[in-house]
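# Structural overview for review
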Amino acid sequence: MFLDFNRRRARFLDPKRLNHAFFGAWYEEDIYDKFCAAFPAAMGAFRWRIPPVMRARNLIFVHVPRVAGTSIVRALYGEGCIHHHSMRYYRAVHPAFAQSAGSFALLRDPFDRFASAYAFVRAGGTSCSRLSDVFVRQTACVATMDDYLGFLEGRSALELDFVMRPQSWFVCDPVTGAPLVKTLFLLGEDTAALAAYLAPQNIGPLPWLNRAPRLALLLNARQRRRIERIYADDFALIDSLRSARRERTAVAGIAAE
C-alpha cells in the first residue's frame, strides 16, 4: 500500500503533469511556444535562454525529432542543448539574433519519419532518449499500426510527443505555412549540401546517434492515405523542396551547356 501511494505521488509530481495542469502543455518548450503566441512583446525577456554557444556560432539549428538531429546538435552545441524549440520561439525570444544568424533544419521523407517515430514509440525510446512517461502511459494500448494512427488522429500538436508531430510544426509559420527557417535540407537527399553548409563550422562527418530500431512496415493503401492526411503539411513542404532542387539542377545543367 505504501509503495502504491509513492507511485501515485510520483505520478502527481511528474513535472510534465504539472506543466499540463498549469499551462496546458506537457513540455517546457511548448510552454514558451504558447507564450510566444500569447505575449510576443514580452518574450524578449527570455533572450538569455539562447545558448552562448549558439550565439558564438551565429547559427540556429531547429531540431526536428527523428531526423538525425541529435548528432548535429551535439556537434554544434554540445551535450546540454538538446531541445525541440520551434523557429517561432527563436524569432520571438530574440528577433534580432534570429534575423542576423543563419538558421537551418533537417527534414525527412514523411513516410520514413513516420516509420522511425512508430518504432521509437513502440520501443519506448532508444538507449539515449526515452519516450516520456506521460506518453508511455498514453500509448500503452497501441498494439498495431491502426492503433497508432488512431492515436494521432484528432489530437493537436501540443497533445502529441515531439516525435509524433508534423515536421512543419517546428519550421513553418502556422498560419501561412511558409518556412521560417532560412535553409532546409532533406535527410539522405542533401548529404553533400549539408556537409558543405556545416564545413565553415568545422563540423566533419557525423555519426547517426539516437537511432530507433526499425520495424518492417507494410502499409496498405488505406494506411498510407491516413498518414498523408495527418502529415499533409509535411508532404507539401517536402514536395516544394524537391521541386526547388529539380529546378536548380535544371538551371545548372542549362548553364553548363
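Right, let's walk through the structure included here. (Residues numbered from 1 in each chain as written. Predicted model: local features only at pLDDT ≥ 70, side-chain atom pairs only at ≥ 80, totals over all residues. Heavy atoms only, no water.)

### Looking at the overall build of the chain
- Of the regular secondary structure elements, the chain holds 14 helices and 3 strands.
- On C-alpha atoms alone, the chain measures out to a radius of gyration of 19 Å, which is about the 18 Å that the 2.2 N^0.38 rule sets for 257 residues.
- Based on the C-alpha atoms only, the size of the chain along its principal axes is roughly 80 × 50 × 35 Å.
- Sorting the 257 residues of the chain into buried and exposed places 45% on the buried side.
- Pairs at least 24 apart in sequence give 73% of the contacts found in the chain among residues at least 6 apart.
- When the accessible surface of the chain is summed, it comes to about 13,500 Å², and 58% of that surface belongs to carbon and sulfur atoms.
- Side-chain charges of the chain comprise 34 positive and 24 negative groups, with the mean position of each set lying 5 Å from the other. (Helix = DSSP H or I, 4+ residues; strand = E, 2+ residues; numbered from the N terminus. Rg over C-alpha atoms; globule rule 2.2 N^0.38 Å. Buried < 20%, exposed > 50% of the residue type's maximum accessible area, 1.4 Å probe, protein only. Contact = heavy atoms within 4.5 Å. Areas by Shrake-Rupley, 256 points an atom, 1.4 Å probe, with all protein chains shown as cover. Lys, Arg positive; Asp, Glu negative; His and termini not counted. Charge placed at Lys NZ, Arg CZ, Asp CG, Glu CD.)

### Brief notes about the environment of glycine 188
- Position of glycine 188 among the secondary structure elements: in the loop between strand S3 (183–186) and helix H12 (191–198).
- Since its relative accessible area comes to 64%, glycine 188 is described here as exposed.

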